[in-house]
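Summary of the model geometry
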Amino acid sequence: MLVSAKEMLDKAKAGHYAVGHFNINNLEWTKAILETAQELNSPVILGVSEGAGKYMAGYKTIVGMVNGMLEELKITVPVALHLDHGGYDACYKCIEAGFSSIMFDGSHYPIEENVAKTRELVAAAHAKGMSIEAEVGAIGGEEDGVIGMGECADPKECKMIADLGVDFLAAGIGNIHGKYPANWKGLSFETLDAIQKLTGDLPLVLHGGTGIPADMIKKAISLGVSKINVNTECQLAFAAATRKYIEEGKDQQGKGYDPRKLLAPGAQAIKDTVKEKMEMFGSVGKA
Ligand SMILES: [Zn+2]
């Protein structure tokens, strides 16, 4: 059964580790992530962007697939199904469809409007026992076609949003989505520290987990980050493994064209990536 992400993240914050949020794109992705979480006895959050939601034929399709897998694969670790960077309408669609967690990304609105919409969605999510994440300060890089600048959130604005009752908060601290450029300045621990001082026990979320050096990840966790979003890294691992299979001509040997064979190396690459992240984040054995 899907669970809200609140309890697993409160436990992570208290225990000084982080839970991985891994974006899903299809059945292979979902199965690889769930199997790895179960093998490592780790809690996990499956993230679905609005774009991935459309790609997978809608939120209800995804809920059906994930619930089916939890039962058929006998997954017993805590699993949350979470809307990633949801707009206002998508949040309501996921509340109706049976997700267990949503993120409302109102970071592009003026702060007053972000506050008003977040307040309303907190009530709607909590009425269904779901958790809700909010965002302050746009996170750089590309979010489904929207390019941000990698800014740092204003800690006072973070406190305003935190006080609305959100369960965890994403705040820009110089992190960006996608690959990091060579001249990236690194995370702003000063900003993170200032945010945590004002928001207390609230779990903080680090988006754009791909390519942040391990020492920075560990420091961020020590300063209150309890959820780390990983997306691009699984995509790169999947693509590289699939490319290797094709370039070695394996799809042309025997029944190597069978999609169950063709997609197997990519799925294994996702499992390896997820395992590496769960070990780095410290969530192994915490289910
Ligand atoms: Zn993000």
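Residues numbered from 1 in each chain as written. Predicted model: local features only at pLDDT ≥ 70, side-chain atom pairs only at ≥ 80, totals over all residues.

With that settled, consider the UniProt feature "binding site: Zn(2+) 1" (unreviewed entry) in the protein. The positions that UniProt labels "binding site: Zn(2+) 1" (unreviewed entry) are, in the present scheme, His85, His177 and His207. The annotated residues occupy 123 residues of the chain but converge on a single region, no pair of C-alpha atoms lying more than 11.8 Å apart. With respect to the helices and strands, the residue His85 is situated in strand S3 (residues 79-86). Among the structural elements, His207 can be located in the loop between strand S9 (204-206) and helix H9 (214-222). Those residues in contact with His207 that lie beyond four places of it in its chain are Ile139, Ala170, Asn175, His177 and Asn229. (UniProt positions renumbered as here; feature names shortened; annotations may be inferred. Helix = DSSP H or I, 4+ residues; strand = E, 2+ residues; numbered from the N terminus. Contact = placed C-beta atoms within 7 Å.)

Moving on to the environment of Gly172. Of note, Gly172 is situated in the loop between strand S8 (168-171) and helix H8 (189-199). Residues Gly172 and Lys156, 16 residues apart in the sequence, show an inter-C-alpha distance of 13 Å.

Attention shifts here to the packing of helix H2 (residues 27-39) against helix H4 (residues 59-72). The contact between H2 and H4 brings their axes to 11 Å, and the two run at 35°. When the axes of H2 and H4 are compared, the crossing they make is right-handed. On H4, the residues touching Leu27, Thr30, Lys31 and Leu34 of H2 are Met65, Val66 and Met69. (Axes fitted to C-alpha atoms, helices over the stretch in contact; angles between N-to-C directions. Left-handed = near helix turned anticlockwise from the far one by under 90°.)

A few words on the pairing of strand S2 (residues 44-49). In terms of burial, S2 is a largely internal element, six of the six residues being buried. With H2 bridging strand S1 (residues 19-23) and its parallel neighbour S2, the resulting β-α-β unit is right-handed. Here S2 runs beside S3; their pairing, made up of six bridges, is parallel. Note on S3: the bridge partner recorded for Ser49 is Asp84. (Buried ≥ 20, exposed ≤ 12 C-beta atoms within 10 Å, placed from the backbone. Right-handed = clockwise from strand over helix to strand, strands pointing away. Pairing = 2+ DSSP bridges.)

We now examine helix H7 (residues 155-162). Of all the positions in H7, only Pro155, Cys158, Ile161 and Ala162 are classed as buried. The buried residues of H7 occupy one face: seen down the axis, they fall within an arc of 115°. Tucked into the core, H7 has its buried residues touching helix H6 (111-127), strand S5 (131-136), S8 and H8. (Arc of directions from axis to C-beta.)

Our next topic: the packing of H6 against H7. Axis separation between H6 and H7 bottoms out at 10 Å; the angle between their running directions is 20°. Taken as axis vectors, H6 and H7 run roughly parallel relative to one another. Handedness of the H6/H7 crossing: right-handed. Residues Ile111, Asn114, Val115 and Thr118 of H6 form the contact with H7, whose participating residues are Glu157, Met160 and Ile161. Of the residues in the contact of H6 with H7, the class split is four nonpolar, two polar and one charged. (Parallel < 35°, antiparallel > 145°, perpendicular 65-115°, else oblique. Nonpolar A, V, L, I, M, F, W, Y, C, P; charged D, E, K, R; others polar.)

This part is about the environment of Ser226. Among the secondary structure elements, Ser226 is positioned in strand S10 (residues 225-230). C-alpha of Ser226 to C-alpha of Ala14: the two residues are 212 residues apart in sequence and 9.0 Å apart in space. Excluding its chain neighbours within four sequence positions, the residues that come into contact with Ser226 are Leu9, Ala12, Lys13, Ala18, Val19, Phe168, Pro203 and Leu204.

Grouped together as the largest cluster of nonpolar side chains are 77 residues, with contacts concentrated most on Ile33, Leu46, Ile102, Ile132, Leu169, Ala171 and Ile270. Of the residues forming this core, the biggest block, six residues, is contributed by helix H12 (residues 264-281). (Core = buried A, V, L, I, M, F, W, Y, C linked by C-beta atoms within 7 Å.)

Taken in spatial order, the eight strands close into a barrel running S1-S2-S3-S4-S5-S8-S9-S10, and their pairing is parallel. With strand direction ignored, the average angle separating the axes of adjacent strands in the sheet is 25°. Here S9 pairs with S10 via three bridges, running parallel. For Leu206, the partnering residue across the bridge sits in S10 and is Ile228. Against the sheet, helix H5 (residues 88-97) engages S3 and strand S4 (101-104), with an angle of about 160° to S3.

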